[in-house]
Amino acid sequence: MPIETKESYRWLENLRQSIALVGAPERCVHVGDRESDIYELYRTAQDLGTSFIVRVQTNRLAERPADAAPHDPAHRVFAQLAAAPWAGRHRITV
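None of these values were measured; they are calculated from a predicted model. (Residues numbered from 1 in each chain as written. Predicted model: local features only at pLDDT ≥ 70, side-chain atom pairs only at ≥ 80, totals over all residues. Heavy atoms only, no water.)

## Remarks on the side chain of T44
Relative to the helices and strands, T44 resides in helix 2 (residues 39-48). Residues contacting T44, with those up to four places away along its chain left out, are L12, L15 and R16. (Helix = DSSP H or I, 4+ residues; strand = E, 2+ residues; numbered from the N terminus. Contact = heavy atoms within 4.5 Å.)

If you want it as structure tokens, here you go:
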């Protein structure tokens, strides 16, 4: 089924509209809930040169580490995130 016919297409449209309003995709960081955990969002963000944070819902396949066997659980998003060092920490007051 084409992404344009799905309800999740709104994530892609919001991404494009936000970038158009700001005018600088590299300055945007889009935040999505687990509903936005779709390949098309990742691909569109990469194509547009913008960044995103998504609360993942599904332990999807990820790029396999060079030293992992084909069916190793390290080939999943949750394992790779758990093994990754923190890149930084930002406190936000709401």
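Back to the write-up after that little detour.
## Side note on the packing of helix 1 (residues 9-22) against helix 2
Running from N to C, helix 1 and helix 2 cross one another at 20°; their axes reach a closest spacing of 9 Å. Taken together, helix 1 and helix 2 sit at an angle that is classed as roughly parallel. The element helix 1 and its partner helix 2 pack so that their crossing is right-handed. Of helix 2, the residues touching helix 1 (which contributes W11, L12, L15, R16 and I19) are E40, L41, T44, A45 and L48. Of the residues contributing to the contact of helix 1 with helix 2, the split by class is seven nonpolar, one polar and two charged. (Axes fitted to C-alpha atoms, helices over the stretch in contact; angles between N-to-C directions. Parallel < 35°, antiparallel > 145°, perpendicular 65-115°, else oblique. Left-handed = near helix turned anticlockwise from the far one by under 90°. Nonpolar A, V, L, I, M, F, W, Y, C, P; charged D, E, K, R; others polar.)

## Considerations on the nonpolar core
Core analysis: the biggest nonpolar cluster contains 10 residues, these being I3, W11, L12, L15, I19, C28, I38, L41, A45 and V54. Sorting the residues of this core by element identifies helix 1 and helix 2 as the ones contributing at least two each. Top element by residues in this core is helix 1. It accounts for four residues. Beyond its immediate stretch of four places on either side in the chain, I3 contacts S8, Y9, L12, I38 and E40. (Core = buried A, V, L, I, M, F, W, Y, C linked by side-chain atoms within 4.5 Å. Buried < 20%, exposed > 50% of the residue type's maximum accessible area, 1.4 Å probe, protein only.)

## Looking at the packing of aromatic side chains
Centre-to-centre distance and the angle between the planes together describe a pair of aromatic rings. Tallied over the entire structure, the rule returns one aromatic pair. Plain terms: the ring middles of Y42 and F52 are 5.1 Å apart, the flat faces sit at 15° to each other, and that makes the pair stacked. In this pair, Y42 is assigned in helix 2 and F52 in strand 2 (residues 51-54), connecting sequence segments 10 residues apart. You can call Y42 partly exposed: its relative accessible area is 24%. (Phe/Tyr/Trp six-rings, centres within 6.5 Å; stacked < 30°, edge-to-face > 60°.)

## Let's talk about the pattern of salt bridges
Across all of its chains, the model carries five salt bridges by this definition. One salt bridge in this structure joins D37 and R60, with 3.2 Å as the shortest N-O distance. One end of the pair, D37, is in the loop between strand 1 (29-32) and helix 2; the other, R60, is in the loop between strand 2 and helix 3 (77-83), with 23 residues separating them in the sequence. What makes D37 buried here is its relative accessible area of 3%. Across the pair D47 and R43 runs a salt bridge whose closest N-O atoms are separated by 3.0 Å. (Salt bridge = Lys/Arg side-chain N within 4 Å of Asp/Glu carboxyl O.)

## Some points on the confidence of the model for the protein chain
On average, residues of the protein chain score 86 in pLDDT, and 100% of them are at 70 or above. When mean pLDDT is taken per element in the protein chain, helix 1 scores highest with 92 and strand 2 scores lowest with 85. (pLDDT = per-residue confidence, 0-100.)

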